[in-house]
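What follows is the residue order along each chain.
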Amino acid sequence: MMGIYFDNAATTKRKPQCVIDAVIAAMNQMGNSGRGAHNDSLDAARLIYDTRERISDLVNLGDPRQVAFTSNSTEALNTAIMGLFDCGDHIISTVMEHNSVLRPLYFLESKGAEISFVPCDENGNLKVELLQSYLKENTKAVVCTHASNLTGNANDLYQIGEFCKAHQLLFIVDASQTMGVLPIDMQAMNIDVLCFTGHKGLYGPQGTGGLCVRQEIRIRPLKSGGSGIHTYLKEHPTEMPTALEAGTLNGHGIAGLHASLGFLNEIGIDEIHKKEIALMHRFINGISDIPNIKVYGDFSTDHRAAVVSLNLGDYDSSEVSDELSYTYGIATRPGAHCAPLMHQAMGTVEQGMVRFSFSWFNTEEEVDIAIRAMHELAEE
Amino acid sequence: MRQKEWKLVITFRTTADAIAFEKACKANDKPGRMIPVPREISAGCGLAWASVPEEKDGMAVFLEEQNIKCEEMKVLFC
């Protein structure tokens, strides 16, 4: 049975052919960037630099040399969170966060930092109006996600960025669910550090990601080692992007990311988002008459990720997801989604949620099959 | 080995700076190419832009225009 894949918030399984071709081409011919002045090394450095440019342009960073590549969002977020704060600092975050934000924050907390979490309402929307009430003298930053990986609800980064600017706080954003999906303008949104992954909305290979860092920001690196520069220094170089890129980069993956960014530019992220959101609405409309179905999140706006998380009566979300997979060949994600505070806020710690997440490559026919499957499951 | 000649050699702090400069030079028809940094010059990055010595003044201005900081700029017999 040909499977239907609705777990795109975990990774977009289907990639554009140009991405696959670019990775294969790189594996056939790519040298190591910055480790020589021969053509193979230079071509790698050129392609990686071009990719920095495409990322920088996508989010209006303003300087491609401020894009540092990592292996994923988690590494980028760890780099930013561990590299910017000290034990006496207070950091404001939100209950919408993924463990890739929460766990580094909890680690800092164990070392003496103070962390506050802004709550959300019953629809999963952040209570932004409460930000002010968490301010302290030692507040250093707001760290928040652009969109929840659980509900798909997006935060208003303009509003939070304005708050950070007004109170001279650093603004660190987790764009794991929105890079390549929703427009991001680092300058207009006052974002200091934007962390992203390459394998979700950017349609690139797994093992790619990075940080976009505003020019004045200095981040202590998580790793030190080979850099291709300043060989005789005992310390890792401080110049961006090398400062945050110890060791050989994932050049093969970045070649794929380069191609995927070209693909996104060709189609346009607005077009892609429009299609994904249309599929999301088609699915919601198709299942809304099922008795005992509970859908989480706010669907009153399309400024969100194309994610539908739900539960069917009291069924364990794992049971529903397994049935969808085993009987219908539909891939969804059940259980807890690495967002423990959000499950607490939504009251789904025990039950978890079944998450459907849509991509450019999904079709209306696939959505209709999922709708029928949900109806059949509900009738059983 | 090729015969040595006088060259303008520009070094950079990072590979990204070097490649940004190469890209700008190509886009603006500036003569030169990337070479490994000669031992006569100390440099952070292993890449250097080599051009003709007559370009020295123009390159200094061009670097500034491109907002790229070089580490060193020397005329060397290499």
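Before reading on, note that the structure itself is shown above.
Residues numbered from 1 in each chain as written. Chains lettered and ligands numbered in written order. Predicted model: local features only at pLDDT ≥ 70, side-chain atom pairs only at ≥ 80, totals over all residues. Heavy atoms only, no water.

(A) Local environment of the overall build of chain B. Within chain B one finds 2 helices and 4 strands. At 11 Å, chain B has a C-alpha radius of gyration in line with the 12 Å of a compact globule built from 78 residues. Overall, the C-alpha framework of chain B stretches about 35 × 25 × 20 Å when taken along its three principal axes. Expressed as a percentage of the 78 residues in chain B, the buried residues total 46%. Look at the contacts in chain B between residues 6 or more apart in sequence, and 74% of them connect residues 24 or more apart. When the accessible area of chain B is evaluated, it comes to approximately 4,300 Å², of which 49% is carbon and sulfur surface. The distance from the centre of the 12 positive side-chain charges to the centre of the 12 negative ones in chain B is 6 Å. (Helix = DSSP H or I, 4+ residues; strand = E, 2+ residues; numbered from the N terminus. Rg over C-alpha atoms; globule rule 2.2 N^0.38 Å. Buried < 20%, exposed > 50% of the residue type's maximum accessible area, 1.4 Å probe, protein only. Contact = heavy atoms within 4.5 Å. Areas by Shrake-Rupley, 256 points an atom, 1.4 Å probe, with all protein chains shown as cover. Lys, Arg positive; Asp, Glu negative; His and termini not counted. Charge placed at Lys NZ, Arg CZ, Asp CG, Glu CD.)

(B) Inspection of the sheet that holds strand S9 (residues 293-296) of chain A at higher detail. All names here are of chain A. The strand order across the open sheet built from 3 strands is S9-S10-S12, with neighbouring strands paired in antiparallel fashion. Only two strands of the sheet have a single neighbouring strand rather than two, namely S9 and strand S12 (354-357). Direction aside, neighbouring strands of the sheet carry axes that sit 30 degrees apart on average. As paired strands, strand S10 (residues 307-312) and S12 are joined by 4 bridges and run antiparallel to one another. Note on S12: the bridge partner recorded for Val-308 is Phe-356. The strands touched by helix H10 (residues 364-379) are S9, S10 and S12; relative to S10, the strand with the most contacts, the crossing angle is about 15 degrees. (Pairing = 2+ DSSP bridges. Axes fitted to C-alpha atoms, helices over the stretch in contact; angles between N-to-C directions.)

(C) Examining the sheet that holds strand S6 (residues 170-174) of chain A more closely. Residues and elements named next belong to chain A. Strand order in the open sheet made by the 7 strands is S2-S8-S7-S6-S5-S3-S4, with mixed pairing throughout. Across the chains shown, the open sheet's two edge strands, defined by having one partner strand only, are strand S2 (67-70) and strand S4 (114-118). The mean inter-strand angle of the sheet, taken between neighbouring strand axes irrespective of direction, is 20 degrees. Pairing geometry for strand S3 (residues 90-94) and S4, over 5 bridges, is parallel. Considered in S4, the bridge of Thr-94 is made with Val-118. Contacts from helix H2 (residues 39-59) reach S2, strand S7 (193-197) and strand S8 (209-213) within the one sheet, and its direction differs from that of S2 by about 110 degrees.

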